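# Structural description and commentary
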Amino acid sequence: ADWDPLMDTRAPGTLICWVRYLEEPARGEWTGFQFFLAGLNGPGEPKKTLYFMKLNDRAMSFLYERYNAEGKRFPKSASSGVHFADWPKGRWRMLAATWGGGELGISQNGSPFVKMAYDEPLGEHKGDVRIRAPFLREKGRFYQVDEVAVLNRKLTDEEVRALYVETAKARAKLKGR
């Protein structure tokens, strides 16, 4: 491609964003949502994708999945627990995901990264990158995404904590206006 991709998945990196949910999910309904996905396969290649998502009412995950030529799925994910009951409606969470060096990581609100090893390089980003947040009046909208950043290196536990503290302070000041 003759354009610069949003992210380089061949080298270590970090994705950071703020997410909040706006309405209670209906009891018994699937509450997962994908707010980021990146295709890592080109045309005719077996599917490989990165997802950042709330899987259900139990976990937030940064997921890498690939399929072999026969269609067998090989998922790896770093997950961090969060229940809707512990996440007040309307409250923002800073989420960070890292990749590279044979591991995926996930952090919520500046917590140390939860890590999961994977055994192959992610490869070059070749497909779509989508940051997904439903339109304001879209039916079923129950979450928002704000302040997305992609860094060309992995943050450390100390750096993600410092970033959360500083960003949370700045966001609190803006709310006061």
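A brief look at the structure comes next. (Residues numbered from 1 in each chain as written. Predicted model: local features only at pLDDT ≥ 70, side-chain atom pairs only at ≥ 80, totals over all residues. Heavy atoms only, no water.)

## Considerations on the sheet that holds strand S8 (residues 114–117)
Reading across the sheet, the five strands line up as S8-S7-S6-S1-S10 and stay open at both edges, with antiparallel pairing between neighbours. The outermost strands of the open sheet, each flanked by one partner alone, are S8 and strand S10 (143–151). Pairs of neighbouring strands in the sheet enclose a mean axial angle of 15°, with direction left out of account. The pairing of strand S6 (residues 93–99) with strand S7 (residues 103–108) spans four bridges and is antiparallel. Within the sheet, the bridge partner assigned to threonine 98 lies in S7 and is glycine 105. (Pairing = 2+ DSSP bridges. Helix = DSSP H or I, 4+ residues; strand = E, 2+ residues; numbered from the N terminus. Axes fitted to C-alpha atoms, helices over the stretch in contact; angles between N-to-C directions.)

## Re the nonpolar core
Soluble, globular proteins show a tendency: their nonpolar side chains are buried together. Membership of the largest hydrophobic core comes to 28 residues, with the highest contact counts inside it found for Phe35, Leu50 and Phe52. The set of elements that each furnish at least two residues to this core consists of strand S1 (13–21), strand S2 (33–39), strand S3 (48–54), strand S4 (59–67), S6, S7 and S10. Within the second largest apolar cluster, nine residues are counted, among which are Ile16, Trp92, Met94 and Val160. (Core = buried A, V, L, I, M, F, W, Y, C linked by side-chain atoms within 4.5 Å. Buried < 20%, exposed > 50% of the residue type's maximum accessible area, 1.4 Å probe, protein only.)

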